[in-house]
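Per-entry structural report
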Amino acid sequence: MIALEQNFRSTGHILSAANAVIALDSGRLEKTLFTASGPGEPIEVVEFSGGLEEAQGIASEIGRRLLEGVAPDDIAILYRFNFMSRLLEEQLLKARIPYELVNDTAFWQRGVIRDALALLRLASCPDDLQSDEAFRRVINQPARGVGAKTLAKIEAVAEQEYISLFDAAERMFASATGKSSGRVRAFVATIREISAVDNAPLAERIRELLDRTGYADMYRAAGEDGRAALENLEELVGLATEFSTLGDLFDHAALGSVSGAASGEGRVRLMTIHAAKGLEYGHVFLMGWEDRLFPSASNPDADEERRLAYVALTRGRRRVAITWCAWRGGRCADPSVFLSEIPPAALCHGWLRKHRKGSSATRTGHPAPYIR
């Protein structure tokens, strides 16, 4: 057997780190990758106090590199689990940095979020023709017996009277009988009542809509299958506290709803390490390298976690940055064991730009300088 050991993608420091981590894989064929590209830049290891600070720090650093001329589609952010992208998405949006999730749906593009925003839009101006699309989206969520035929009748009345679909439904079902009619009547009455209160905070308004229309109960009744949807809705309620007006929230949501293909511009890629296999980028950010998170405490196969670390490191061609948090998910965290296995000569503590400016940050010359 002949081992193919020359690597044509990554620099020497990146390969040194990857070789050190994968060397402890008990089932790996022995080989040591090398490159003719030279040592390159050391791997940046940056500690943050928490997940929000980590997301803000990564977004800020990416913004600086974009200003230096790095193309957005030459940058990738990799993480062990999908849930880790949420805070990052928000900070990239705030920084006006275009991004795209790979093999996942961006938060503001998720169906459950679009449903909740449709309820909010409908309640903000139910009699406006511009709310018709929102009405179509939520009138049968949860099921109220409004199928294609019933909706067609509502649309016919709206077109004839030149009124909104909501107004048409309100008139049609005002005196109609039957279970379905009762459910529709209750829905429009709820929307009308909530729309009359225009001074309630956005978060409170969203929560009331979700509860009183039965939308949240639909997912609560689904048990474990509805858990992710409910978590997304709670996230939306929390985010709504950051916006003072409905227009600001809708503008922000619109920014997060534009796909890379639709915009035609280059975008930073966000993905799990699993999804990154076979890909490569000039600049790679590896977030969440903490004990129990990566390697994952839920995966009994330690060697698989080690191989994922190897994959993550070798996705980078020129620069790799690793971040970790001292506090995440309500508990203190320690840096990943993988960090302690990387040769100190291949690492630097903090962002490279600090070293280049001659700040007090120093290149690592001793083991594990990133440990608190």
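Here the structure is a predicted model, which means the values were calculated and not measured.

So, about the packing of helix α1 (residues 12–22) against helix α14 (residues 302–313). Orientation of α1 relative to α14, taken along the N-to-C sense of each, is 175 degrees, at an axis distance of 9 Å. By the angle class used here, α1 and α14 are roughly antiparallel. Facing I14, A17, A18, V21 and I22 of α1, the residues of α14 in contact are R306, R307, A309, Y310 and L313. Here the contact of α1 with α14 is built from residues that sort into 8 nonpolar, no polar and 2 charged.

Here we come to the packing of aromatic side chains. Overall, the coordinates contain 7 aromatic pairs when judged by the stated rule. Relative to W108, the ring of F107 has its centre 5.2 Å away and its plane inclined at 85 degrees; by these criteria the two rings are edge-to-face. The burial state of F107 is the same as that of W108; both residues are buried. Through a chain of ring-to-ring contacts, three or more aromatic side chains come together here, namely W289, F294 and F338. Above the plane of the ring of F81 lies R80, whose end atom (NZ or CZ) is 4.7 Å from the centre. Positioned above the aromatic ring of F107 is the side chain of R86, whose terminal nitrogen or guanidinium carbon lies 3.8 Å from the ring centre.

Once that is clear, we can look at the pairing of strand β5 (residues 281–286). β5 sits mainly inside the fold: 6 of its 6 residues count as buried. Note: strand β2 (residues 75–79) against β5, 4 bridges, orientation parallel. Across the sheet, I77 pairs through a bridge with F285, a residue of β5.

Scoring rules and cut-offs
Residues numbered from 1 in each chain as written. Predicted model: local features only at pLDDT ≥ 70, side-chain atom pairs only at ≥ 80, totals over all residues. Heavy atoms only, no water. Axes fitted to C-alpha atoms, helices over the stretch in contact; angles between N-to-C directions. Helix = DSSP H or I, 4+ residues; strand = E, 2+ residues; numbered from the N terminus. Parallel < 35°, antiparallel > 145°, perpendicular 65-115°, else oblique. Contact = heavy atoms within 4.5 Å. Nonpolar A, V, L, I, M, F, W, Y, C, P; charged D, E, K, R; others polar. Phe/Tyr/Trp six-rings, centres within 6.5 Å; stacked < 30°, edge-to-face > 60°. Buried < 20%, exposed > 50% of the residue type's maximum accessible area, 1.4 Å probe, protein only. Lys NZ or Arg CZ within 6 Å of the ring centre and 35° of its normal. Pairing = 2+ DSSP bridges.

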